[in-house]
Amino acid sequence: MKKWLLSLLVLLSISALVACGNDIDSKKDSSESKDKKTSTVDKVNATYVKSPLNVPSIVEKEKGFLAKSFAEEGIDFEYSNLTTGPEQTQALASGDIQFLNAVGATSVILSASNGADIKIMSMYSRSPEAFMLFTNLKDVKSPKDLVGKKVAGPKGTILHEMLIHYLATEGLTEKDIEFVQMDLPSAQAALVGNEVDFALLAGANAYNMIQDGYQVVTNGKGLVDGTIVVATSEDFYSKNPGLVKRFLQVQKETLKYMEDHYEEVMEISSKETDLPLDGVKEMYKMYDFNMEISPSDIASMEKTVEFMKNNNMIENDVDIKSLILNIE
């Protein structure tokens, strides 16, 4: 009887130790899982803007690089077709969008000036020559030929900034012309229909106008850098640093894919933009998609801040360097 009781006690002790060990391991696994968790969300949204010729976005969507990467974190990834700066920055402020993948520096500056939480993660592109001013008039040779004429285009954009700088080369201002706010398709149609004398265009709209024989008065070279960036909010980054880093890694990998698969990338872009393959290749040369933020990029955006202040587009000053996200 004593031996039986002793054996029973030993078995009970072993069972207790095993149970305790399993409980410790369970808590350890739970703790490790918590430590590995890099996000506070189960879904993220990013903007998809293919125009003027945003090849990285076109390729990334076609290949599903972001969706696959975020799936590794158990997170659903979706695109939102918000193409205008105000739409994008408002969606970021509301939390509906987490990543603005290709947003104009002018829109970021305006949003920041209004007190919104917005930060630049990386550069998207620079393409001064892709932004153009067209006319249906003959013998236009200088900014003075714009005086008193109707000019259509999107206000508060790189194109608008280009126009103002072009006029300024001969001491003129926007007051010397009749500026008409229009999006790119509307501005193109207005010029073709002789409703305006000049139109600010870029991307496929610009390429098609060139093919149709319209005169390019000027492009952004020497006037603007055509600075486009990738942005998020500081609040989102502080809560989800791993996801922001993951996004940037995919951006980097997409650029490498573009470099290694040039012909395929050109064909994908041609199909998505409805531009002929030769046209895509020609325009692609105008773009610099290096994602690193350089001193010249900062200087360019500081110049944009001055432009917007001088033209009463913003009231509060914006420090560009403070807008750049400090990613550790």
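Computed from a predicted model, the values in this text were never measured in an experiment.

**Student:** Any chance you could explain the packing of aromatic side chains here in plain terms?
**Tutor:** To describe a pair of aromatic rings, you give the distance between the ring centres and the angle between the ring planes. This model, assessed by the stated rule, comprises 11 aromatic pairs. A ring pair is formed by Phe 99 and Phe 236, whose centres lie 5.5 Å apart and whose planes are at 85 degrees; its orientation type is edge-to-face. Pair noted here: Phe 99 is in the loop between helix H4 (85-94) and strand S3 (100-104) and Phe 236 is in helix H9 (residues 234-239), with a separation of 137 residues, a long-range link. Across this residue pair, the class does not change: Phe 99 and Phe 236 are buried. Aromatic pair Tyr 287 and Phe 289: ring centres 5.4 Å apart, planes at 10 degrees, arrangement stacked. For the pair shown, Tyr 287 and Phe 289 are each scored as buried. Each member of the aromatic cluster is reached from another via a ring pair, and the members are Tyr 48, Phe 70, Phe 77, Tyr 79, Phe 99, Phe 236 and Phe 247. The residue whose ring lies beneath Lys 61 is Tyr 48, and the NZ or CZ to ring-centre distance is 4.2 Å.

**Student:** Would you mind going over the nonpolar core with me for this structure?
**Tutor:** Buried together is how nonpolar side chains tend to be arranged in soluble globular proteins. Counting residues in each nonpolar core, the largest one holds 72 residues, and the members touching the most others are Phe 70, Phe 99, Leu 133, Leu 146 and Leu 163. Here this core takes eight residues from helix H10 (residues 241-260), the largest share from any one element. With sequence-adjacent residues up to four places away left out, Leu 163 is seen in contact with Leu 133, Leu 146, Val 151, Ile 177, Phe 179 and Leu 200. In this structure, Val 108, Ala 231, Ile 298 and Ile 320 belong to the second largest nonpolar core, which totals 25 residues.

Calculation criteria
- Residues numbered from 1 in each chain as written.
- Predicted model: local features only at pLDDT ≥ 70, side-chain atom pairs only at ≥ 80, totals over all residues.
- Heavy atoms only, no water.
- Phe/Tyr/Trp six-rings, centres within 6.5 Å; stacked < 30°, edge-to-face > 60°.
- Helix = DSSP H or I, 4+ residues; strand = E, 2+ residues; numbered from the N terminus.
- Buried < 20%, exposed > 50% of the residue type's maximum accessible area, 1.4 Å probe, protein only.
- Lys NZ or Arg CZ within 6 Å of the ring centre and 35° of its normal.
- Core = buried A, V, L, I, M, F, W, Y, C linked by side-chain atoms within 4.5 Å.
- Contact = heavy atoms within 4.5 Å.

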